[in-house]
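# Chains, contacts and geometry: an overview
Here is what each chain is made of, one letter per residue.
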Amino acid sequence: MISKRHLNQEIDLIIHNAIREDVGPGDYSSLACIPLEQEGKAKLLVKDEGIIAGVKLARMIFAHVDPHLKVEVLIEDGQAVKHGDIAFYVEGSSQSILQAERLVLNSMQRMSAIATKTHQYVVLLKGTKTKILDTRKTTPGFRALEKWAVTIGGGVNHRFGLYDMIMLKDNHVDYAGGIANAISKTKSYLADNKLDLQIIVEARNLSEVQQILDAGPVYRILLDNFGYDDTRAAVELIGDRCLTESSGGITEDTIRNYAECGVDFISSGALTHSVNNMDLSLKAV
């Protein structure tokens, strides 16, 4: 996984690029009718319910736009919110508040939706050993914030990209000429290039699970689109030789059943690609 420093660099890039995209050469709406010296105050109003996420990010955005803006936080990231709650107040240059407004809202609305859905899955897994993972099915250019939101909701980040973990999926296996070849070539490549990366290999059936075990060791086996019976059989076959992960069409209705099969992780693209934004507003006070 990437370091905290790397993650912060990614977040800084997102903020910088988003402000460039939105403000461009100037916020002419504000410049046209609001005096440069005018100061104001605004509140982040919650008009929904769930888990709030992006409060810390909002502080970073406001600081990027104008270091003199002051933020008073009332509700921290990860806390449950309801309609009518106020997450924070921001005070200072009215022009600066308006420049930051849309990026703060766009980011927090999506992050809060992801944190809320992740929290729902975490609750469904309570009492089992299984942890919920995100995937790379994220919004291009926004991945760092979406994965941050997953952790705020109580989930665990999978690999950040194609560079911080090896994941041999069905196409890799087929192109490489089979599971044994894919694993062997991967280990040679890592050794030759002095790379210390964990290896996950996808299995499509119990026969492939055995092939992976024979060619291993690997860090984790991904059981893709397995039914409950085959998942239990795979977990028993694998034992403590590596970690296990279930994936493929797992929903709120089925996630508990898969967890009770004994897998260590369940990965779900739905955490990031199938959420409805939380309704938030930034209102002048």
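This text gives an overview of the structure that appears in the document. (Residues numbered from 1 in each chain as written. Predicted model: local features only at pLDDT ≥ 70, side-chain atom pairs only at ≥ 80, totals over all residues. Heavy atoms only, no water.)

### Overview of the sheet that holds strand β8 (residues 199–203)
- Pairing within the open sheet is parallel, and its six strands lie in the order β6-β11-β10-β9-β8-β7. Each edge of the open sheet carries a strand with a single partner, namely β6 (131–133) and β7 (166–168). For this sheet, the mean inter-axis angle between neighbouring strands, taken without regard to orientation, is 25°.
- Contacts from helix α7 (residues 179–192) reach β7 and β8, with the element oriented near 160° to β7. (Pairing = 2+ DSSP bridges. Helix = DSSP H or I, 4+ residues; strand = E, 2+ residues; numbered from the N terminus. Axes fitted to C-alpha atoms, helices over the stretch in contact; angles between N-to-C directions. Contact = heavy atoms within 4.5 Å.)

### Some thoughts on the sheet that holds strand β12 (residues 280–284)
- Pairing is antiparallel in the open sheet, where four strands are placed in the order β3-β5-β1-β12. The sheet is open, and its two borders are formed by β3 (70–73) and β12, each paired with just one other strand. For this sheet, the mean angle separating the axes of adjacent strands, direction not counted, is 20°.
- Here strand β1 (residues 39–46) runs beside β12; their pairing, made up of five bridges, is antiparallel. When the bridges of β12 are listed, Ala 42 appears paired with Ala 284.

### Quick word on the packing of helix α1 (residues 4–23) against helix α4 (residues 94–124)
- Interaxial distance between α1 and α4 falls to 10 Å at its minimum, and their mutual angle equals 120°. Between α1 and α4 lies a crossing whose hand is right-handed. Note on element contacts: α4 touches α1 through Gln 99, Arg 102 and Leu 103, opposite Ile 15, Ala 18, Ile 19, Asp 22 and Val 23.
- Of the residues assigned to the contact of α1 with α4, the class counts are five nonpolar, one polar and two charged. (Left-handed = near helix turned anticlockwise from the far one by under 90°. Nonpolar A, V, L, I, M, F, W, Y, C, P; charged D, E, K, R; others polar.)

By themselves, these are just geometric observations and shouldn't be taken as functional.
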